[in-house]
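# Understanding the architecture of this molecule
Residues per chain, in single letters:
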Amino acid sequence: MKNKIDIVFIVITILILCFLSYFAFFNNKSVDNVVNKNATVDEIKKEDGMVNIYLFYGKECPHCEKLIKYLDDINDKYGNKFNLYGFEVWHNSENANLMKEFLLAKGDKSSGIPYYIIGDESFVGYNYTYDEKIVSAIKKYSSSDSDIYFDKIKK
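From a predicted model like this one, the values you see are computed outputs, not experimental measurements.

## What about the sheet that holds strand β1 (residues 51–57)?
- Spatial strand order, β2-β1-β3-β4: 4 strands in an open sheet with mixed pairing. Every interior strand has two partners, whereas the edge strands, β2 (82–88) and β4 (121–124), have only one. When the angles between neighbouring strand axes are averaged without regard to direction, this sheet yields 15°.
- Strands β1, β2 and β3 (115–118) of the sheet are contacted by helix α2 (residues 62–78), whose axis makes an angle of about 165° with β2.

## Some points on the nonpolar core
- Ranked by internal contacts, the top residues of the largest apolar core, which has 41 residues, are Tyr54, Phe56, Phe102, Tyr116, Ile118, Ile134 and Ile138.
- Contributing elements (two or more residues each) for this core: β1, α2, β2, α3 (93–106), β3, α4 (131–141) and α5 (148–153).
- Of all the elements, α2 adds the most residues to this core, at 7 residues.
- Among residues more than four places away in sequence, those in contact with Ile138 are Val51, Ile53, Ile74, Tyr78, Lys81, Phe82 and Ile118.

## Some points on the side chain of Asp147
- As for its position among the elements, Asp147 is in the loop between α4 and α5.
- For the buried Asp147, no salt bridge is present, and the opposite-charge side chain at shortest range is Lys46, 5.2 Å distant.
- If sequence neighbours within four positions are ignored, Asp147 has contacts with Lys46, Asn52 and Tyr54.

## Structural notes on α3
- If you check α3, its first and last C-alpha atoms are 20 Å apart, about what 14 residues at 1.5 Å a residue would give, namely 20 Å.
- Within the sequence span of α3, burial applies to Asn95, Leu98, Met99, Phe102 and Leu103. Seen end-on, α3 carries its buried residues on one side only, within an arc spanning 145°. Across from the buried face of α3, at angles greater than 90 degrees, the exposed residues are Ser93, Glu94, Lys100 and Leu104.
- Here the buried face of α3 lies against β1, β2, β3 and α5.
- Two or three places before Glu94, at the opening of α3, Asn92 has a side-chain oxygen 3.0 Å from that residue's backbone nitrogen.
- A positive backbone phi angle near 75° is found at Gly107, which sits one or two residues after α3.

The rules we used
- Sequence order as written defines the numbering, with residues in each chain counted from 1.
- Local features in this predicted model are restricted to residues of pLDDT 70 or higher, and side-chain atom pairs are both shown and tallied only at a pLDDT of 80 or more, whereas totals for entire chains, interfaces and linings draw on every residue.
- The side-chain figures draw on all heavy atoms in the structure; neither hydrogens nor water molecules are used.
- Only strands joined by at least two bridges in the DSSP assignment are considered to pair.
- Labels follow the DSSP assignment, with helices taken as runs of H or I lasting at least four residues and strands as runs of E lasting at least two, numbered in each case from the N terminus.
- Angles here are taken between N-to-C directions and fall from 0 to 180 degrees, while the axes themselves are lines fitted to C-alpha atoms, restricted in helices to the stretch in contact.
- We call two residues contacting when some pair of their heavy atoms lies within 4.5 Å.
- Residues grouped as a nonpolar core are buried Ala, Val, Leu, Ile, Met, Phe, Trp, Tyr and Cys residues, joined through side-chain atoms within 4.5 Å.
- The buried label goes to any residue with under 20% of its type's maximum accessible area, the exposed label to any with over 50%, and the partly exposed label to all in between, with areas taken from a 1.4 Å probe on protein chains only.
- Only four residue types enter the charge count: Lys and Arg as positive, Asp and Glu as negative, with His and the chain ends excluded.
- A side-chain nitrogen of Lys or Arg and a carboxyl oxygen of Asp or Glu constitute a salt bridge if their distance falls within 4 Å.
- The span expected for a helix works out to 1.5 Å for each residue beyond the first.
- Comment: arc refers to directions from the helix axis out to C-beta atoms.
- Pairs of N or O atoms within 3.5 Å make up the polar contacts considered here, provided that, within protein, one atom can donate a hydrogen while the other can accept it, and that residues adjacent in sequence are counted only when both atoms are side-chain atoms.

Below, the structure written as structure tokens:
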């Protein structure tokens, strides 16, 4: 009888692990729809009626993951107002140097991540209290010609 219970327990555990693995894979896949995680400066463009969001993140950063998930969540409602360019900085020294250029251009001191710029506003870190500020910046700057990359960095 004990062997049958052990087998049932193992089977249930395997099924739960498979379900959780599938769920984690599905969530990560949806995030990739919004964020161009491997953006290059050559891809950056300025479109009328849209604001560019420049996101500098770390691959294993839990706050970065939450921010990316939030941006994915608001994509249905505000996706026609922003382009999101993601630059991984923990494993890519070129992107880390690009982040330094953006920090210098904005006059920001912090080098923490996630570091992101929406129009003329920059943010460091993420938790749910940023949600309203992010949406507000997207709305405000989507109709603006202001863009940190084109105004101060690109030569």
